[in-house]
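Listed here are the chains, written in short residue letters.
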Amino acid sequence: MIKTSTYLYLDSKTRGYGYFGLAPPIGVAQYGGDGVGCDIQIEDGRDTTLKLDEASFELVECPTTLSTDDFYKIQQEDSDLKEKYEQEVTEFVKAKLGCDKIVCFHSQVRNAQKEGKSGGVQGYAVGGPHTDSSALSGDEVALHTLADQKEDASKYKRYLYLNLWRNISEDPIEDFPLAMLDERTTVKPDDYLSRDLFMPKDYHIVQYGLNARHASQHKWYYFPKMTKSEGILFKQIDSDWTLSGRTCFHMAVEDPNAPKNAKPRESIELRMICFWEEAAVNSMPSKKTVASSGKSENPASLVGIQSASSIQLVVTLLTRLPLLGYLFQAALSNPLVSILFAIFASSFKEYPPYSGNAEDYIAGVQTSMGFFSQWPSFAKTGVEKQLKGKSERVGAEIITKIIVDDSTGHLKMKKFKADQKKAILDACLANEEYMNTVRKQVGSLFA
């Protein structure tokens, strides 16, 4: 069993959003949406009956002939190995699900120690429960996939956007397992909060964030010590609305019970779309029933007259001027310039008042700490110099104070009073789960 705290969203009557792989517009935070820290319990799923069409995920036995090094070569775009692995998975999933067609379209290798050092390897998805898609974005992917294959969507009656997640190491996973929510324990539609994810090249995905409203009802599971021959099938979205398991909230979680010298988790997830020519109900979308997904300006960059500060309006107008707007946008593409403007613009924003309970803010601070490896390089370098050779207590206090000061306003604590920030700082340093995250992220810098 794993007991942890995670960040869940609140329905604040505004749509949440996030920017991944690109800087947000000036005056806009990297992530938007209200939330709260919630304690959750993640049970060992090995002794339970958790099936794909019921819970939205399932542990499966699916041996592979590929070596650990082979998977890293796939991440480096070795086309022969990529084709070999996709063929393995396609044969397995077809036999398991009985679908007629599978198109694999993306894979991602994860290893926190190799993030940023080895051709496209990423860290763990520890930012809280999420789905990678939604009913709308799933429909778009399904239709685009068939169009690329020059097939008529009317040939099929069901699609499933599916992931196969596996350990790629010869050693069992010791830490940061994948946690999944049994969808039978969600409250529909209350728990599904639509969020926009903006990515490079105008790529826009609608995902679901998990509402905190019914957190006490949710049942979470993980599969400890997963081996290389095992995998987890989990759904991004299933068009068949008659099933209880259609989309899987998931996240990586740090295991407080893991050995101190735990080996870094090495995993790969492969995304695919499965199609059925026959199904219990015809749940396939069509171009007529799905809104056009042509490129459009992302809504978070459009500053509304009613809610905009004067600085936001000035910046927005400048970016729209011919030539000057181009030069201004080019300057803002520099991460340092972008952050400096974000700090400046955040001073003009209004934020919610302090709740009165410092522990309410631990989850948000812990999430930011967990993303340290993804901080801009200049920011990481500056912090690392401050932490080098410090004791754990002093170093943890330095980096936690930086996060709690919230210079960009991302955590909405920027304008808290000094004593309120001090209370949050002390609460974080007294929280063992938070301190474990500090140790994982920057512990190697301490004396």
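Residues numbered from 1 in each chain as written. Predicted model: local features only at pLDDT ≥ 70, side-chain atom pairs only at ≥ 80, totals over all residues. Heavy atoms only, no water.

**A look at the overall build of the protein chain**
Summing up its helical and strand segments, the protein chain has twelve helices and 14 strands in all. For the protein chain, buried positions account for 50% of its 447 residues. In the protein chain, the proportion of contacts linking residues at least 24 apart, taken out of those at least 6 apart, comes to 79%. When the accessible surface of the protein chain is summed, it comes to about 21800 Å², and 52% of that surface belongs to carbon and sulfur atoms. (Helix = DSSP H or I, 4+ residues; strand = E, 2+ residues; numbered from the N terminus. Buried < 20%, exposed > 50% of the residue type's maximum accessible area, 1.4 Å probe, protein only. Contact = heavy atoms within 4.5 Å. Areas by Shrake-Rupley, 256 points an atom, 1.4 Å probe, with all protein chains shown as cover.)

**Regarding the packing of aromatic side chains**
Inspection of every chain in the model, using the stated rule, returns 13 aromatic pairs. An angle of 40° between the planes, with centres 5.2 Å apart, marks the rings of Tyr156 and Phe275 as tilted. In this pair, Tyr156 sits in the loop between α4 (135-148) and β7 (158-167) while Phe275 sits in strand β14 (residues 267-276), placing the two residues 119 residues apart along the sequence. Of the two residues, Tyr156 and Phe275, neither departs from the other in class, the shared state being buried. With centroids separated by 5.4 Å and ring planes inclined at 75°, the aromatic side chains of Tyr361 and Phe416 adopt a geometry described as edge-to-face. (Phe/Tyr/Trp six-rings, centres within 6.5 Å; stacked < 30°, edge-to-face > 60°.)

**As for the side chain of Arg195**
Examined against the element boundaries, Arg195 turns out to sit in strand β9 (residues 192-199). Of note is the side chain of Arg195, whose polar atom sits 3.0 Å from the backbone oxygen of Gly32. Beyond its immediate stretch of four places on either side in the chain, Arg195 contacts Tyr9, Gly16, Tyr17, Gly18, Gly32, Gly33, Ile205, Val206, Gln207 and Gly209. (Polar contact = N/O pair within 3.5 Å; in protein donor to acceptor, adjacent residues only side chain to side chain.)

**Observations regarding the packing of helix α10 (residues 392-405) against helix α12 (residues 432-442)**
Following both chains from N to C, one finds α10 and α12 inclined at 95°, their axes separated by 11 Å at the closest point. Judged on the interaxial angle alone, α12 and α10 are roughly perpendicular. Across from Glu392, Ala396, Ile399, Thr400 and Ile403 in α10, the residues of α12 making contact are Tyr434, Met435, Val438, Arg439 and Val442. Residues belonging to the contact of α10 with α12 are distributed by class as follows: seven nonpolar, one polar and two charged. (Axes fitted to C-alpha atoms, helices over the stretch in contact; angles between N-to-C directions. Parallel < 35°, antiparallel > 145°, perpendicular 65-115°, else oblique. Nonpolar A, V, L, I, M, F, W, Y, C, P; charged D, E, K, R; others polar.)

**Brief notes about the side chain of Thr437**
In this fold, Thr437 is placed in helix α12. Once you skip the residues sitting within four places of it in the chain, Thr437 turns out to touch Glu254, Gln366, Met369 and Gly370.

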